[in-house]
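Chain by chain, the residues run as shown.
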Amino acid sequence: MSFRTGVIVAIMCVVCYVLSFAQMLLPIPAVAKGVLWATFYGLAKATQYTAIIILGKAGVARIRTLLRRTDKT
């Protein structure tokens, strides 16, 4: 798989983390909130590890390099 695929999966990971905690603002029963949290948090963890596997060591180093360049400018 490509670097782009790994980045897309990493973005999906962030979205799942946001959804796992944002659902606490919904006016639904606590049980439903717990189920939604567990579901989205589990998806976030699964996509996080999938992105790391897809990117690999070289991909993570590439992202770090890109982040360092944008911080200095």
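Each remark here, short or long, concerns the structure printed above.
S.K.: How do you make sense of the overall build of the chain when you look at a structure like this?
M.R.: Broken down by element type, the chain carries 2 helices and 0 strands. Along the three orthogonal principal directions, the C-alpha set of the chain runs to about 45 × 30 × 15 Å. For the chain, contacts bridging at least 24 residues in sequence account for 68% of all contacts bridging at least 6. With an accessible surface of roughly 5,500 Å², the chain has 73% of that area assigned to carbon and sulfur atoms.

S.K.: Where do I start with the packing of aromatic side chains in this structure?
M.R.: For any two aromatic rings, the description comes down to two numbers: the centre-to-centre distance and the angle of the planes. Under the counting rule described, the total for this entry stands at 4 aromatic pairs. Here the aromatic rings of Tyr17 and Tyr41 are separated by 5.7 Å at their centres, their planes lie at 75°, and the arrangement is edge-to-face. Highlighted residues: Tyr17 in helix α1 (residues 3-22) and Tyr41 in helix α2 (residues 30-72), separated in sequence by 24 residues. Residue Tyr41 is classed as partly exposed on the basis of its relative accessible area, which comes to 28%. Their ring planes at 65° and their centres at 6.4 Å tell us that Phe21 and Trp37 sit as a pair that is edge-to-face.

S.K.: How do you make sense of the side chain of Gln23 when you look at a structure like this?
M.R.: With respect to the helices, strands and loops of the structure, Gln23 is situated in the loop between α1 and α2. You can call Gln23 buried: its relative accessible area is 4%. Ignoring sequence-local partners within four residues, the contact set of Gln23 consists of Lys33, Leu36 and Trp37.

S.K.: What am I meant to see in a nonpolar patch on the surface here?
M.R.: Where nonpolar side chains cluster on the molecular surface, the patch consists of Ile11, Val15 and Leu19 and spans about 250 Å² of accessible area. Mapped onto the elements, Val15 comes out in helix α1.

Cut-offs used in this document
Residues numbered from 1 in each chain as written. Predicted model: local features only at pLDDT ≥ 70, side-chain atom pairs only at ≥ 80, totals over all residues. Heavy atoms only, no water. Helix = DSSP H or I, 4+ residues; strand = E, 2+ residues; numbered from the N terminus. Contact = heavy atoms within 4.5 Å. Areas by Shrake-Rupley, 256 points an atom, 1.4 Å probe, with all protein chains shown as cover. Phe/Tyr/Trp six-rings, centres within 6.5 Å; stacked < 30°, edge-to-face > 60°. Buried < 20%, exposed > 50% of the residue type's maximum accessible area, 1.4 Å probe, protein only. Patch = residues over 30% accessible without salt bridge, like charges linked within 9 Å, V, L, I, M, F, W, Y side chains within 5 Å. Salt bridge = Lys/Arg side-chain N within 4 Å of Asp/Glu carboxyl O.

Interpretation in functional terms is not warranted from these geometric data alone.
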